[in-house]
Structures are given as C-alpha cells and as structure tokens.
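The lines below spell out each chain.
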Amino acid sequence: MRKFVYIVTDRNRTSLHVGISADLIKTLDFYKKMPCLFFDSAHQLTRLVYFEEFKTEAQALSRFKQMSRFTRAQKERIVRSCNPDWIDLTIGLDFEHIMMSKKISTQVNLQFGILS
C-alpha cells in the first residue's frame, strides 16, 4: 500500500501544511472542496508543492512526524530542492490519473477512399 507525505500551500505561500495520505488525488480534491478548512478563504491550501511516496505506512508516518517538526525555513528548503518555482504539482498527478484510467487505442482507422 502506497502512502504519501506532502506539503501544500496557498497561492501566496503564506502557509505551509504537511500531511499524510494514502490517496493523494482524493486528499487534494478534499482541500479544494473545503477551502476554509484550516484557515480563512484568503489562505486556501490548494497548491501541492512537494510530495514523497513510501511503500509502508510506518515509513510514511516516521517522515510525516519528522517534517511536522521542521521550521518554515526547513520546509521551504525541501520544496525548493525539487520544485524551485513552486509549481502546483497536481497538474502532473491528474494527468497520470486520467491517462491510467483511459483505455488507449493503438489502432488507427484510415478511410482508403480519401487516399485514392
């Protein structure tokens, strides 16, 4: 079973929130549906800026506890090490999820009447 430890932020990078989840897409959808869950509407935690994937729950929980104790400067350093522009990573996750759920056809249908 896969587990994720992640950092989400608002559009102004005012707040950094560390979390743990088994289904990252579903968790991020929850954040978007409940914008005032942690803060007021100005600080909507909708931007995934960092995540790590673990194979066991024990590993993920250990890393989550460690990152939860980090200062803001340490969290920023982690994000900048792999995402220097603070790009929202949910776009890539959604693309993978969409492509995995779609059946891709490798067969191309050509009408021969057009070619002759």
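Definitions and cut-offs
- Residues numbered from 1 in each chain as written.
- Predicted model: local features only at pLDDT ≥ 70, side-chain atom pairs only at ≥ 80, totals over all residues.
- Heavy atoms only, no water.
- Pairing = 2+ DSSP bridges.
- Helix = DSSP H or I, 4+ residues; strand = E, 2+ residues; numbered from the N terminus.
- Buried < 20%, exposed > 50% of the residue type's maximum accessible area, 1.4 Å probe, protein only.
- Contact = heavy atoms within 4.5 Å.
- Salt bridge = Lys/Arg side-chain N within 4 Å of Asp/Glu carboxyl O.
- Arc of directions from axis to C-beta.
- Axes fitted to C-alpha atoms, helices over the stretch in contact; angles between N-to-C directions.
- Phe/Tyr/Trp six-rings, centres within 6.5 Å; stacked < 30°, edge-to-face > 60°.

Novice: Lay out the pairing of strand β2 (residues 16-21) with the relevant residues and their values.
Specialist: Summarising the sheet, strand β1 (residues 3-9) and β2 pair through six bridges and their orientation is antiparallel. The partner of Val5 across the bridge, within β2, is Ile20. In this antiparallel pair of consecutive strands, β1 and β2, the connection spans six residues, and Arg13 shows a positive phi of 60°.

Novice: Tell me about the environment of Ala22, and name the residues and values.
Specialist: Its place among the elements puts Ala22 in the loop between β2 and α1 (24-33). Given the relative accessible area of 38%, Ala22 is considered partly exposed. Measuring from C-alpha to C-alpha, the distance between Ala22 and Arg2 comes to 6.1 Å, with 20 residues separating the pair along the chain. Excluding anything up to four places from it in sequence, Ala22 contacts Arg2, Lys3 and Phe4.

Novice: Describe the pattern of salt bridges, with residues and values.
Specialist: Taken as a whole and judged by the stated rule, the model has four salt bridges. Taking the shortest distance from any N to any O, the salt bridge between Arg2 and Glu53 comes out at 3.4 Å. One end of the pair, Arg2, is in the segment before β1; the other, Glu53, is in strand β3 (residues 47-54), with 51 residues separating them in the sequence. Using a relative accessible area of 44% as the deciding quantity, one classes Glu53 as partly exposed. A cluster of three or more residues bridged by salt bridges with shared partners is formed by Arg72, Glu76 and Arg80.

Novice: Pulling in residues and values, what's your account of α1?
Specialist: Turning to α1, its buried residues number three or more, namely Leu24, Ile25, Thr27, Leu28 and Tyr31. The arc that holds every buried residue of α1, seen down its axis, measures 165°, which confines them to one face. Summarising the geometry of α1, the exposed residues directed more than 90 degrees from the buried face are Lys26 and Lys33.

Novice: I'd love a proper account of the sheet that holds β1, names of residues and values included.
Specialist: Reading across the sheet, the three strands line up as β2-β1-β3 and stay open at both edges, with antiparallel pairing between neighbours. The sheet is open, and its two edges are formed by β2 and β3, each paired on a single side. Between one strand and the next, the sheet's axes are offset by a mean angle of 20°, whatever the strand orientation. Both β1 and β3 contribute to a ladder of seven bridges, which runs antiparallel. Bridge assignment links Phe4 to a residue of β3, and that residue is Glu53. Packing of α1 onto the sheet brings it into contact with β1, β2 and β3, and relative to β1 it is tilted by some 30°.

Novice: Describe the packing of aromatic side chains, and please don't skip the residues or the numbers.
Specialist: What the rule picks out here adds up to one aromatic pair. Considering the side-chain rings of Phe4 and Phe51, the 6.1 Å spacing of their centres and the 65° angle between planes classify their relative orientation as edge-to-face. Here Phe51 lies in strand β3 and Phe4 lies in strand β1, a separation of 47 residues in the sequence. Taking the relative accessible area as the measure of exposure, Phe51 reaches 29% and is therefore partly exposed.

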